[in-house]
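Report on the structure
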Amino acid sequence: MADEQKIEDKELDEIVEHEDDFSEWYNELVLKAQLADYAPVRGCMIIRPYGYAIWENIQKYMDERFKETGVLNAYFPLLIPRSFMEREAEHIEGFAPEVAWVTQGGGKELEEPLAIRPTSETIIGHSYAKWVQSYRDLPILINLWNNVMRWEKRTKLFLRTSEFLWQEGHTAHRTLEEAEERTLQMLEVYRSFAEEDAAIPVIKGRKSESEKFAGALRTYSIEAMMGDGKALQAGTSHNLGNNFAKSFDIQFLDDDGQRKLCATTSWGVSTRMIGGIIMVHGDKKGLILPPRLAPFQAVIVPIYRKEEEKTLVMEAIARLQKMLKGKVRLTVDSSDNTPGWKYNQWEMKGVPVRIEVGPRDVQNNSVVLVRRDSGTKEFVGVDALETRLPLLLEEIQKGLYTTAKKKLDDNTFHAETYEEFKKILNENKGFVRVKWSEDSAAEKIIKDETKATVRVIPFDQPEGGVKGNCFYTGKPATCEAIFAKSY
RNA sequence: CGGGGCGUAGCGCAGCCCGGUAGCGCGCUUCGUUCGGGACGAAGAGGCCGGAGGUUCAAAUCCUCUCGCCCCGACCA
């Protein structure tokens, strides 16, 4: 009887098998790993310290990369006058349905409603117009770390919330070519961040007409494959051409004496990235964090029976902490839970390495290292730990990327015909690569019938151009595109 | 906005059909024994049963109206 009860409780407590119900697995994991919690206001989320620490690491690595390219941080206001929003026709059309408006202030109806920013292109445009007089004022390279609000109809923690944190970069340039170059440069920053720091392999490419940013000339993105085969847009970079410069009158006098319009760009990555990390690397035991972004890269679990043992073990741990300080982000779980409980807890939280220190280890002057990704155990002498642990973290970082890359490759299929395309979508989970004629009407029909959309038109195209016909329209293909269901 | 589920202790739920002093598990507190893969015993603390109206001697339970949340679709970083 007692045993039966125990088994039941254990099952209750375990996360849903993630193959069975990926969505439920995801929700439970976010809550149980204490990354985030639901907020009192529908669609909003509370990011808890453990989740926020991941975001801080993301910020740190991205910010370094931005600054290397000459970008500086600034802050722009949360509230944007309605008239600003309406200046760029496509922009307001695209965003109108999801803007939240402030209509009252100080107990009085406002003369002009204020939008809570869904993105800052318009208010940026207003300032850039003031700041730019001469070609000597260009380029302007600014990034904002802020929050934005979009009244989403259906929300999911980290992936799509009404309010989310992100960075939005906004640049202004002398020529269209320079803007294009910057757009691609930032896309490459995103790729390198995703692949090197988040260990998420991505496909770089261009968005289709229907998927591009409202008001952009061209939108580029990095697309990642989640554990259930769906696509996640992990970052976007937009070449806005002269569109916003026209609407906001961002002009300068060039060295040939001509007044010219600036070309602008914008680019963003959000807390959605955290959702991506969860869905790419997580397993049935919980989260697996890439060492570079993990709040704790290793957790020390002390093991002891008697008080004397405890003293010895804790002393040994204090020495380890001292030795590893500044080299590895470390935490010690000295709570009075049992070791088994701690193992499970920290596996749930995705800490890359567990360090076990017990009486036997103290006696041997060694520790046990356990990898979160593979579960592999190794015994390491205390003296070797200082060099071995950082190396192990590097191995895990690479291993996570390699595993994810293999999964991406293995689950990217090719289809020649629409029949084949539908068959793949029914029987497999993943991306389908096809020859494509970039026909927007056809894209809409395909979406209605299969829920799959053009995620990206990869930069990586066949040499010498695409030969053959579109898998759907039969017209001559203009590119190869990747279709998938998406978040 | 459509379809489906659900609001009872911090969390997960039972009780509701058939009205009669609010229960279980986890967690929490204290003490003791434990501790190398989710320990055990004992003693405790904790609830306007989402809200408002009704019916009734009596409502978590029946009726009406509301509010909120989650999931699935249309919209999206």
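In case you missed it, the structure is sitting above this.
Summary of the structure given here. (Residues numbered from 1 in each chain as written. Chains lettered and ligands numbered in written order. Predicted model: local features only at pLDDT ≥ 70, side-chain atom pairs only at ≥ 80, totals over all residues.)

Some details on the protein's contact with RNA strand B
To keep it simple, the criterion reads: A molecule or strand has a residue near it when that residue's C-beta atom, placed from backbone coordinates, lies within 6 Å of it. Secondary structure is summarised from DSSP: a helix means a run of H or I of at least four residues, a strand means a run of E of at least two, and numbering begins at the N terminus for each. Amino acids outside the nonpolar list (Ala, Val, Leu, Ile, Met, Phe, Trp, Tyr, Cys, Pro) and the charged list (Asp, Glu, Lys, Arg) are all regarded as polar, and Gly is one of them.
Close to RNA strand B lie 44 residues; R42, K153, G340, G358 and R360 are nearest. Only α1 (2-13), α2 (22-32), β11 (231-241), α11 (339-348), α12 (359-364) and β18 (366-371) provide two or more residues apiece to the surface near RNA strand B. Considering only residue class, the surface near RNA strand B consists of twelve nonpolar, twelve polar and 20 charged.

Observations regarding the sheet that holds strand β16 (residues 330-332)
Formally: Note on pairing: two strands pair once DSSP finds at least 2 bridges between them. Only the stretch in contact is used when a helix axis is fitted, and all axes are lines through C-alpha atoms; the angle between N-to-C directions ranges over 0 to 180 degrees. By the criterion used throughout, residues are in contact when their C-beta atoms, derived from the backbone, lie within 7 Å.
With respect to topology, five strands assemble into an open sheet ordered β16-β15-β17-β18-β19, the strand pairing being mixed. Each having just a single partner strand, β16 and β19 (377-381) make up the two edges of the open sheet. When the angles between neighbouring strand axes are averaged without regard to direction, this sheet yields 25°. In terms of strand pairing, β18 meets β19 through five bridges, oriented antiparallel. Within β19, the residue paired with S366 across the bridge is G381. Sheet strands in contact with helix α10 (residues 307-324) are β15 (298-302), β16 and β17 (353-357), and its direction is about 165° off that of β15.

Observations regarding unusual backbone geometry
A cis amide bond links L138 to the next residue, P139, at an omega of -5°. Counting through the fold element by element, P139 comes out in the loop between α6 (121-131) and β7 (140-149). You will see that A199, though not glycine, has its phi angle at about 60°, which is positive. Structurally, A199 can be placed in the loop between α7 (176-197) and β9 (202-206). One non-glycine residue with positive phi stands out, namely N365, at about 55°. Within the secondary structure, N365 sits in the loop between α12 and β18.

Some details on the environment of I278
Here I278 is to be found in helix α9 (residues 272-281). Put simply, I278 and L29 are 249 residues apart on the chain and 8.5 Å apart in space, counted from C-alpha to C-alpha. Apart from the residues within four sequence positions on either side, I278 is in contact with Y26, L29, V30 and L287.

Notes on the environment of V132
The condition that has to hold: Once C-beta atoms are placed from the backbone, each residue is buried if 20 or more other C-beta atoms lie within 10 Å of its own, exposed if 12 or fewer, and partly exposed for counts between those two.
Relative to the elements of secondary structure, V132 occurs in the loop between α6 and β7. In this structure V132 comes out as buried when scored by C-beta crowding, with 22 C-beta atoms within 10 Å. C-alpha separation for the pair V132 and D249, spaced 117 residues apart in sequence, amounts to 10.0 Å. Other than its neighbours up to four places away in sequence, V132 contacts D137, L138, I140, A172, I250, F252 and C262.

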